[in-house]
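# Topology and contacts: notes
Below are the chains, spelled out letter by letter.
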Amino acid sequence: MSVSGLFLIVFLAVHLVANIFLLVSPDAFNISAHFMGTNPIIQIMQPLLGAGFLLHIIYSFIIQLQNWKSRPVKYNKVDQKESSTWASRNMIWLGLVVFGFLTIHVINFFWVVKFGHMEHVIIDGVKMEDSYTLVVSLFTDGVLGYVYSSIYIISFIALGLHLHHALWSAFQTIGFSNDAWRKRLTVVGDIYAIVIAAGFTIIPLYFLLF
Ligand code: HEM
C-alpha cells in the first residue's frame with residue numbers, strides 16, 4: 001500500500017505540472033495534454049497507474065477492515081487526539097472522497113478524450129485534441145460549472161488532508177524513517193500536501209473568477 005501510495009504521489013506532481021499550463025495559454029495546455037497522450041513512456045505508465053490506484057484502494061479496504069475487526073469495541077478512556085492527527089484517523093473517509101472525485105473526474109475528462117467527441121486544433125502544423133476547451137467548459141458551464149468547481153475544490157481539500165498523513169507514513173512503513181527523518185518527512189509531506197491541494201484548487205478558481 002505504501003509503495004503504490006508513493007507511486008501515486010509522484011503521479012500527482014506530474015499531473016499538476018501538466019495542468020499548470022492551463023494558466024499559461026490554450027496552446028501551452030493543448031501541447032502539454034498532447035504530449036501526455038502520445039509520449040510512449042507515459043503510455044506505458046498509464047496501465048501501471050490504473051493498477052497503482054486499484055492496489056491502493058483494495059489494500060486500504062483490507063487494512064481498514066482488519067483494524068475494525070481487531071477492535072470491535074471502542075476504547076473507553078483513551079483520547080486519540082494526543083497520539084494521532086484527525087487526518088490519520090480518517091484516511092479511509094478522505095480516501096473515499098478522493099475515490100468519488102476520481103470516478104467523476106475520469107468520466108469528465110479521460111473518458112471524453114479517449115472515447116468521446118473532441119474538437120481539434122492545429123498547433124505548429126500538428127493536429128491535436130482541444131483539451132483546453134474541454135477543461136474550461138466544465139468549470140464555466142453556468143450553474144453546472146459552479147457545481148463541478150465546488151466538487152473539485154472540496155475533493156482537493158480532502159486530497160490535501162489525505163496527503164498530510166500519507167508521505168511520512170508511507171516512508172515509515174517501508175522502513176525509511178527514524179526520529180530525525182520522521183520530523184523532516186512530516187515537514188516535506190506537509191509542504192507537498194499544501195502545494196498539491198492549492199495547485200489543483202487554483203485551476204477551477206482561476207476560470208471561475210477570470
Ligand atoms: C483541476 C484539477 C485537474 C484537472 C484540470 C485535471 C485534468 C485532467 C485531464 C484533462 C485529463 C485527461 C488527460 C488525457 O487523457 O488526455 C486527466 C486525467 C486524469 N486525471 Fe486529472 N485533472 C485534475 C486533477 C486530478 C487529481 C487531483 C487527480 C487524482 C487524485 C487526477 C487524476 C487523473 C487520472 C487518474 C487521469 C487519467 C489518467 C491520465 O490521463 O493520465 N486529476 N485529468
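The structure contained in this document is the topic of the report that follows. (Residues numbered from 1 in each chain as written. Predicted model: local features only at pLDDT ≥ 70, side-chain atom pairs only at ≥ 80, totals over all residues.)

## What to know about the overall build of the protein chain
Quick note on the threshold: Numbering of helices and strands runs from the N terminus; a helix is a DSSP stretch of H or I covering at least four residues, while a strand is a stretch of E covering at least two. Buried, partly exposed and exposed are defined by the number of other C-beta atoms within 10 Å of a residue's own C-beta, namely 20 or more, between the two limits, and 12 or fewer respectively, with C-beta atoms placed from the backbone.
Of the regular secondary structure elements, the protein chain holds eight helices and two strands. Walking the protein chain from its N terminus toward its C terminus, one meets helices and strands in the order α-α-α-α-α-β-β-α-α-α. Over its C-alpha atoms, taken along the principal directions, the protein chain stretches across nearly 65 × 40 × 30 Å. Sorting the 210 residues of the protein chain into buried and exposed places 18% on the buried side.

## Section: the nonpolar core
Rules: We call a set of buried Ala, Val, Leu, Ile, Met, Phe, Trp, Tyr and Cys residues a nonpolar core when their C-beta atoms link them within 7 Å.
By size, the foremost hydrophobic cluster in this structure holds 23 residues, and its most contacted members are Leu159, Leu163, Leu167, Ile196 and Ala197. For this core, the secondary structure elements donating two or more residues are α2 (26–38), α5 (91–115), α6 (131–140), α7 (142–173) and α8 (179–209). If you tally residues by element for this core, the top one is α7, at 11 residues.

## Topic: the site of the ligand
What counts, and what does not: Any residue whose C-beta atom, as placed from the backbone, lies within 6 Å of a molecule or strand is termed near it. For this classification, Asp, Glu, Lys and Arg are treated as charged, while Ala, Val, Leu, Ile, Met, Phe, Trp, Tyr, Cys and Pro are nonpolar and the rest, including Gly, are polar.
In the region of the ligand, 21 residues are neighbours, and Phe109, Phe110, Val113, Phe200 and Ile203 sit closest. The element contributing the most residues to the shell around the ligand is α5, with seven residues. Here the residues of the shell around the ligand are counted per class, giving 16 nonpolar, five polar and no charged.

## Description of the environment of Val17
Structurally, Val17 is set in helix α1 (residues 2–20). Of the residues examined, Val17 has 11 C-beta atoms within 10 Å and is grouped as exposed. A sequence separation of 31 residues divides Val17 from Leu48, and the C-alpha atoms of the two residues are 20 Å apart.

## A closer look at the pairing of strand β2 (residues 126–129)
Looking along a regular strand, one sees the side chains alternate between the two faces of the sheet. The condition that has to hold: At least two bridges found by DSSP between two strands are what make those strands a pair.
Where strand β1 (residues 120–123) meets β2, four bridges bridge the pair, whose relative direction is antiparallel. Across the sheet, the residue bridging to Ile122 is Lys127, located in β2. Linking β1 back to β2 in an antiparallel pair, the connection comprises two residues, with Asp124 at a positive phi of about 50°.

## What about the environment of Leu138?
Applicable threshold: Here, residue contact means that the backbone-derived C-beta atoms of the two residues sit within 7 Å.
Secondary-structure assignment places Leu138 in helix α6. Look at Leu138 and you get partly exposed, because 19 C-beta atoms sit within 10 Å. Separated by 120 residues in the primary sequence, Leu138 and Ala18 place their C-alpha atoms 18 Å from one another. Discounting residues that sit within four places of it in the chain, Leu138 has contacts with Asn108, Gly145 and Tyr148.

## Here's the deal with the packing of α7 against α8
The packing of two helices is summarised by the inter-axis angle and the distance between the axes. The criterion, for reference: Lines fitted to C-alpha atoms define the axes here, with helix axes fitted over just the stretch in contact, and angles between the N-to-C directions of these axes take values from 0 to 180 degrees. Here roughly perpendicular refers to angles of 65 to 115 degrees, roughly parallel to angles under 35, roughly antiparallel to angles over 145, and oblique to all remaining angles. Note on convention: the crossing is left-handed when the near helix lies turned anticlockwise from the far helix by less than a right angle, right-handed when the turn is clockwise.
With their axes 8 Å apart at the nearest point, α7 and α8 run at an angle of 165° to one another. Judged on the interaxial angle alone, α8 and α7 are roughly antiparallel. As α7 packs across α8, the resulting crossing turns out to be right-handed. For the contact of α7 with α8, the residue count by class is 20 nonpolar, seven polar and two charged.

## Brief notes about the packing of α6 against α7
It is at 5 Å that the axes of α6 and α7 come closest, and there the two elements cross at 100°. Classed by the angle they form, the pair α6 and α7 counts as roughly perpendicular. Residues Leu138, Phe139 and Thr140 of α6 form the contact with α7, whose participating residues are Gly145, Tyr148 and Ser149. Taken together, the residues that form the contact of α6 with α7 break down as three nonpolar, three polar and no charged.

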